[in-house]
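An overview of the molecular structure
Residue-level listing of the chains:
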Amino acid sequence: MLSQIAYIQPVLAAIAQAGGRPHVVGGAVRDLLRGDPVKDVDVEVYGLPIDRLVEVLASFGPVNAVGRSFGVLKLRLPGGHEVDVALPRRESKIGAGHRGFLAEPDPTMTPREAAARRDFTWNALALTPVGELLDFFGGVADLEAGLIRHTSAAFAEDPLRVLRAVQFAGRFDMRLAPDTAELCRRLLPEAATLAAERVWAEWHKWALKSTRPAAGLRALAETGWLGLYPELAALAGCPQDATWHPEGDVWQHTLYVCDAAAEIAGHESLAGDERVLLVLAALCHDLGKPSTTAAGADGRIRSPGHAQAGLALSEALLARIGAPRALVARVLPLVREHMAHLAGPASQRAVRRLAVRLDPATIAQWGRLVAADHAGRPPLPPSNPAAPFVEAALGQSVVHGPPAPLLLGRHLIDRGVQPGPHLGALLKRAYHAQVEGAFDTVEGALDWAARHGDE
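Described in the following lines is the structure provided in the data block. Since we're looking at a predicted model, the values are computed, not measured.

Attention now moves to the side chain of R171. Mapped onto the elements of the fold, R171 is located in helix α6 (residues 160-172). Buried and unpaired, R171 has D31 as its nearest opposite-charge partner, separated by 5.5 Å. In this structure R171 touches R30, K205, K209, S210 and T211, once residues within four positions along its chain are discounted.

So, on to the pattern of salt bridges. The full count for this structure, using the stated rule, is 29 salt bridges. Between E202 and K205 there is a salt bridge whose closest N-O contact spans 3.9 Å. Taken together, the residues E202 and K205, both in helix α8 (residues 196-209) and three residues apart, mark about one turn of the helix. Within the structure, one salt-bridge network assembled from shared partners comprises R90, D106 and E113.

Counting across every chain of the model gives 11 aromatic pairs. With a centroid separation of 5.3 Å and 80° between ring planes, the pair formed by W203 and Y229 is classed as edge-to-face. Here the residue W203 occupies a position in helix α8, and Y229 occupies one in the loop between α9 (213-223) and α10 (230-233), the gap between them amounting to 26 residues. Across the pair, exposure class does not vary: W203 and Y229 are buried alike. Taken together, the ring pairs connect F120, W122, F155, F168 and F172 into an aromatic cluster.

As a further point, take helix α11 (residues 250-267). Taking 1.5 Å of rise per residue, 18 residues should cover 26 Å, and α11 covers 25 Å from first to last C-alpha, within 8% of that figure. Counting buried residues in α11 gives 13 out of 18 residues, a clear majority hidden from the surface. Sitting at the amino-terminal end of α11 is D249, which places a side-chain oxygen 3.2 Å from the backbone nitrogen of W251. Count one or two residues on from α11 and you reach S269, which has phi positive near 55°.

Take the sheet that holds strand β9 (residues 133-134) next. Pairing is mixed in the open sheet, where seven strands are placed in the order β3-β4-β5-β2-β1-β8-β9. Both outer strands of the open sheet, β3 (63-67) and β9, are each paired with one neighbouring strand and no more. Pairing of strand β1 (residues 21-25) with strand β2 (residues 41-46) involves five bridges; the strand directions are antiparallel. The residue bridging V25 from the neighbouring strand is D42, located in β2. Here helix α1 (residues 9-17) sits on the sheet and contacts β1, β2 and β4 (72-76); the angle it forms with β1, its principal contact strand, is near 150°. Running at roughly 60° to β1, helix α2 (residues 27-34) makes contact with β1, β2, β8 (126-127) and β9 of the sheet.

This paragraph deals with the side chain of R275. Mapped onto the fold, R275 is located in helix α12 (residues 272-284). Setting aside residues up to four positions removed in sequence, R275 forms contacts with A207, L208, S210, A262, A265, G266 and L270.

Attention now goes to the pairing of β2. Successive residues of a regular strand alternate their side chains across the two faces of the sheet. Where burial is concerned, most of β2 is hidden: five out of the six residues are buried. Here β2 runs beside strand β5 (residues 82-86); their pairing, made up of four bridges, is parallel. Bridging from a neighbouring strand, D42 pairs with D84 of β5.

Conventions used here
Residues numbered from 1 in each chain as written. Predicted model: local features only at pLDDT ≥ 70, side-chain atom pairs only at ≥ 80, totals over all residues. Heavy atoms only, no water. Helix = DSSP H or I, 4+ residues; strand = E, 2+ residues; numbered from the N terminus. Buried < 20%, exposed > 50% of the residue type's maximum accessible area, 1.4 Å probe, protein only. Lys, Arg positive; Asp, Glu negative; His and termini not counted. Salt bridge = Lys/Arg side-chain N within 4 Å of Asp/Glu carboxyl O. Contact = heavy atoms within 4.5 Å. Phe/Tyr/Trp six-rings, centres within 6.5 Å; stacked < 30°, edge-to-face > 60°. Expected span 1.5 Å × (residues − 1). Polar contact = N/O pair within 3.5 Å; in protein donor to acceptor, adjacent residues only side chain to side chain. Pairing = 2+ DSSP bridges. Axes fitted to C-alpha atoms, helices over the stretch in contact; angles between N-to-C directions.

Remember that the coordinates give geometry; whether it matters functionally is a separate question.
Encoded structure:
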């Protein structure tokens, strides 16, 4: 397996020649077994003091020793590969939360002792320089069975590991081992000790890397941590009209929509913030239903105004998971407008209006959300009623943002309009008129301004 990360083999050989026992550990081994691309390589070194290890590594490239006190070094190899090289650490619990323990490097630890401190059994795997796989806790069997199982009681020392389980479930379409789910439930009181940036890091991975986000959300529910997010918890049991939503309640619908969003993101090769945006919009799109759902006199279940009602709830949920403000600003208009295709046909004016309302999100992103929403209603076949709007937006060059204003301040100043509040107000009215279709050229804009400048 090490042949797939051949660039690390000279480093392993040099450490061994110096008297150390290096092992490739953690996610790299897991990814090699899964057949996934290996992006990050971690090496754990036994039997070699930190000073000698630094000397050995320095012959291969720059060594960043910023984590030296914790026994962690970063080595940059030619070709841009960065490798984390660490001594095994003994950790003693001294308080609550992830900062509530003392960590000290200890090169005399055994590989089994070090592996026991890792979170999940398949992250506790290790490879020796000759390719021997060390599996002390049944990680290979759990990986093949699609199980997330904690390695030892040390799991409880950092409650963030519960959210790591959630994002791993979504990334690898896995389920929790029953004993791990029970341990996660016992860690719920410590959730409040987690820093917002650490919480967001795990939710970001869930949105960015999940192949089946619904598996992560099911794990969240099984751990009991769903209750930390009341906006999501309220979706369970909220009914929907079976004609339009034969899949079940709003929670089930949201699970299907999140999975559909991930599939669309993969199909369209979305990456980074674009993928995160789509999956989070799918997560939030129907948060307004529990507060607006009721059965009418005809017995039909309806949720009038749920898109608008979902805005404050989406903002609250995104704040709980630590999402950046700039990302929240793009999710909210998608939630508000996810039913906009029902307002009427995709006329040019309707499409321009939609592009403006969606800003800073875009019609392209909105179209993907609508497609995911309509794919999340099995056994109904997938459909995309947003397609005519997206096509019309392409024709007007507004699929990736609202129309650029034709009338600019310099145009008015050239015509003798003095800078100031009047000019700003006129530009604003002119842009509204442009969106409404009053003109579509600069000349038309100037004519319009000449006729309406004194209003």
